Amino acid sequence: MWHPCTQMKQLEATPPLAIARGEGPWLIDTEGRRYLDAISSWWVNLFGHCNPRINAAITDQLGKIEHVMLAGATHEPVVELSERLAKLTGLGHAFYGSDGASATEIALKMSAHYWRNAGQPEKNGFISLKNGYHGETVGALSVTDIPLFKTTYEPLLRHTVQVPTPDARLAEAGETAEAYALRCAVALEVHLAEHASTTAAFIVEPLVQGAAGMAMYHPAYLTRARELCDRYRVHLIADEIAVGFGRTGTMFACEQAALFQQAGTHAEIAPPSRSRRSAPAESGGSVSCRGGSKFGCEQGSHPPPNPLPSREGGCAQTEPAPAGSPANHGDGTPSPLEGWTETARISSADYGAPSPLRGEGWGEGDDPPNRVSRIADFICLSKGITGGYLPLSAVLTTDDIYAAFYDDATARGFLHSHSYTGNPLACRAALAVLDIFEHDNVIAANRVKALDFTRILGEVAAHTRVRHFRHLGMIWAFDVADAAPGFSTRFHQAALALGAFIRPVGHTVYVMPPYVTSADEMRALADAMLLCLDNTEI
Ligand SMILES: *Cc1c(COP(=O)(O)O)cnc(C)c1O
């Protein structure tokens, strides 16, 4: 068994947990020891392990049809799922894949193919954010910007452009998250102004760059990016593989940008030259290479969280962090937290609009103000889509894009396929997940729960080693100021011994628990993290 994103030799010192069972947010190993799954098994689990309602849906489907190919055949679960996802997003055409990376591939191919069909085949380039993550197959890796995953395979990859990340930790002292986001959008505009004619799409993780270490940013960035993509005729691909299905406090993260846009709280686009501060350079603003195997627990080493050169090899990028970067707050000076407060406030209060899942506020034909389609031309969904049960991904897109493929000529169609596309068992799990969202009013319930959890984590946020404590929806994260190389593995092991399954990304510790986690369980998690933080050997 060759484990994913793992230097196998290191498993000799730290063997993998042998999990026999799951129960709600708990993982139970073969010895009967219990671990709180604080990161939802790589961000996929929503409603706990062995959820009776999802189990029942899959069991029911097993007695009907387990799988049928989706070319030339169809089935009820995939049709119902497509209709419900269309209703939730405003994007009415669903193409299915099997995992997140394949969804990225589908969106990239579809976008470039659209421009080809539209008579502009030269529009085939892609833009993504610095420190972004979109999966690790060759096409998806081309738009990913995590050196540890990418550098080795560079000769295999297509050249793409990374624009500055609006990661609010990089805001200058006194600069709000919103102002910094808009300053980054200027850099996006500068690039588009020159290269739009050869650019197919801008792909982005809305609001939270997960693999970068839960980097959070203001929705104004997405709102502005939408305007720029319209102006320069470039597609916007929202990669909601990690943040979709309620993680950021709304069903989809793009909804917050749509609501922000509707609130009309931002100014007209200013020409680049008129902006007060200059736009970050395309190569600047890096907080990448915090080391680590996928989503935490470095197998190798990572640079120290201050602007010193890396003390160890293993990281490709050792350039000092720019002024105002989180790294520069690692010396004990308190970092400006206003950005985070702002981000959190937006998700929990001002934009606490009615959820389309509850059907509040509009009728059948209305266009809800928080439609994903107001922001994105494509949305990529996976991870939480089946509640963490079965591999499934979907790319949803607009009527306009769909129409460009609809033709007598076969080759103008989207000739892409995966064997397990739209698997009925996976679709039933996804439908059960949507039922739970609707029936239990999960988005609203999570808002209350998140306030409570943030309170519970107050002592963690105030810990002397903690910097940039941040929160959005059902994600909490912070950076550890004095984390030495190997921090992630040591923290992971120490937390495991305390019954918590946590995998820091470099010097960022985060929790992203299943929504069924209770306040008592969160308290236990907070206590475990405090014990780990108190131990300066970690
Ligand atoms: C996890 C993830 C992917 C890749 O999904 P896989 O199922 O692991 O291939 C792509 N984009 C984002 C934002 C992710 O978090």
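Conventions adopted
- Each chain carries its own residue numbering, running from 1 in the direction its sequence is written.
- Residues qualify for local features only when their pLDDT is at least 70, as the model is predicted, and side-chain atom pairs are given and counted only at 80 or more; totals for whole chains, interfaces and linings, by contrast, use all residues.
- Each side-chain value is worked out from all heavy atoms of the structure, with water and hydrogens disregarded.
- As a per-residue measure, pLDDT tells how confident the predictor is, with possible values from 0 to 100.
- Whether two residues are in contact is decided by their heavy atoms: any pair within 4.5 Å suffices.
- We call a set of buried Ala, Val, Leu, Ile, Met, Phe, Trp, Tyr and Cys residues a nonpolar core when their side-chain atoms join them within 4.5 Å.
- Each residue gets one of three labels from its accessible area relative to the maximum for its type: buried under 20%, exposed over 50%, partly exposed in between, using a 1.4 Å probe on protein chains only.
- Every helix listed is a DSSP run of H or I at least four residues long, and every strand listed is a run of E at least two residues long, numbered separately from the N terminus.
- Either an automatic procedure or a domain database provided the assignment from which the domain bounds are taken.
- Only strands joined by at least two bridges in the DSSP assignment are considered to pair.
- When a carboxyl oxygen of Asp or Glu is within 4 Å of a side-chain nitrogen of Lys or Arg, the pair counts as a salt bridge.
- Nitrogen and oxygen atoms within 3.5 Å of one another constitute a polar contact, given that in protein one can donate a hydrogen and the other can accept it, and given that sequence-neighbouring residues count only through two side-chain atoms.
- Here, expected helix span is obtained from the residue count minus one, scaled by 1.5 Å.
- Pairing of aromatic rings covers Phe, Tyr and Trp, the last through its six-membered ring, and needs centres within 6.5 Å; plane angles under 30 degrees mean stacked, over 60 mean edge-to-face, and all others mean tilted.
- Look at NZ for Lys and CZ for Arg. If either is within 6 Å of the ring centre and within 35 degrees of the ring normal, a charge sits over the ring.

A.B. asks: Is there a simple way to think about the confidence of the model for the protein in this case?
C.D. replies: Parts of the prediction with low pLDDT should not have their coordinates interpreted in detail. Averaged over every residue, the pLDDT of the protein is 86; residues scoring 70 or more account for 81%. The low-confidence segment residues 283-292, where pLDDT is below 50, has 47 contacts with residues more than four positions distant or belonging to other chains. A low-confidence stretch, residues 297-361 stays under pLDDT 50, and its non-local contacts, those more than four residues away or across chains, total 155 contacts.

A.B. asks: Teacher, can you tell me more about the nonpolar core here?
C.D. replies: Generally speaking, nonpolar side chains in soluble globular proteins are found buried as a group. Judged by nonpolar contacts, the single largest core of 114 residues is most densely connected at Leu85, Phe202, Tyr221, Phe245 and Phe437. For this core, the element with the most residues is helix 12 (residues 424-439), which contributes eleven residues. The residues that make up this core include at least three from each of domain 1 (8-50 + 295-310 + 329-346 + 444-534) and domain 2 (55-267 + 280-286 + 369-439). Apart from residues no more than four positions distant in its own chain, Leu85 is found in contact with Tyr96, Phe245, Leu381, Ile385, Ala394, Leu396 and Leu434. Core analysis: the next-biggest nonpolar cluster, separate from the first, contains 22 residues, Ala103, Trp115, Phe126 and Phe414 among them.

A.B. asks: When you look at the pairing of strand 2 (residues 26-29) in this model, what are you seeing that I'm missing?
C.D. replies: Two faces, one strand: in a regular strand the side chains alternate between the faces of the sheet. Side chains Trp26 and Ile28 of strand 2 all project onto a buried face; the interleaved residues Leu27 and Asp29 project onto the opposite face, where all are buried too. The hairpin turn running from strand 1 (residues 19-23) into strand 2, its antiparallel successor, is two residues long, and Gly24 in that turn takes a positive phi close to 60 degrees. Relative to strand 3 (residues 34-37), strand 2 is paired through three bridges, and the arrangement is antiparallel. Considered in strand 3, the bridge of Leu27 is made with Tyr35. Between strand 2 and the antiparallel strand that follows it, strand 3, lie four residues; Gly32 among them carries a positive phi value of about 90 degrees.

A.B. asks: Sorry if this is basic, but what is going on with the pattern of salt bridges here?
C.D. replies: One pass over the structure, following the stated rule, counts 23 salt bridges. A salt bridge links Asp479 to Arg169; the shortest N-O distance between them is 3.0 Å. Taken as a pair, Asp479 in strand 14 (residues 475-480) and Arg169 in the loop between strand 6 (161-163) and helix 7 (177-195) lie far apart in primary sequence, 310 residues in all. In this structure Arg169 comes out as buried when scored by relative accessible area, which is 1%. As a salt-bridge pair, Arg455 and Asp452 come within 3.5 Å of each other at their nearest N and O atoms. Of this pair, Arg455 and Asp452 both sit in helix 13 (residues 442-456), three residues apart, roughly one helical turn. For Arg455, a relative accessible area of 62% corresponds to the exposed category.

A.B. asks: Hey, could you run me through the side chain of Thr199 in this one?
C.D. replies: Examined against the element boundaries, Thr199 turns out to sit in strand 7 (residues 199-204). A polar side-chain atom of Thr199 sits 2.7 Å from the main-chain carbonyl oxygen of His195. The contact partners of Thr199, leaving out residues within four places of it in the chain, are Lys123, Asn124, Gly125, Ile127, His191 and Val234.

A.B. asks: Just to check I follow, could you spell out helix 16 (residues 519-534) for this structure?
C.D. replies: Each full turn of the α-helix corresponds to 3.6 residues, which orients residues three or four apart in the same direction. Compared with the 22 Å implied by 1.5 Å per residue over 16 residues, the 22 Å span of helix 16 between its first and last C-alpha is a close match. Residues of helix 16 that are buried: Glu521, Met522, Leu525, Ala526, Ala528, Met529, Leu530, Cys532 and Leu533.

A.B. asks: Is there a simple way to explain the packing of aromatic side chains in this structure?
C.D. replies: The way to describe two aromatic rings as a pair is by their centre distance and the angle between their planes. Applying the stated criterion across every chain yields a total of 15 aromatic pairs. Measuring from centroid to centroid gives 5.4 Å for Phe245 and Phe252, while their planes differ by 75 degrees, and the two rings are edge-to-face. Phe252 carries the same exposure label as Phe245, and that label is buried. Ring centres 5.7 Å apart and planes at 50 degrees place the aromatic pair Phe453 and Trp476 in the tilted group. Taken together, the residues span a long stretch of sequence, with Phe453 in helix 13 and Trp476 in strand 14 at a distance of 23 residues. The class for Phe453 is buried, based on a relative accessible area of 1%. Judged by relative accessible area, Trp476 falls into the buried class, the value being 2%. Taken together, the aromatic side chains of Phe47, Phe437 and Tyr515 make up a single cluster linked through ring pairs. In this structure, Arg34 packs its charged tip against the face of Trp26, placed 5.0 Å from the ring centre. We note Lys123 situated over the ring of Trp115; from NZ or CZ to the ring centre the distance is 4.4 Å.

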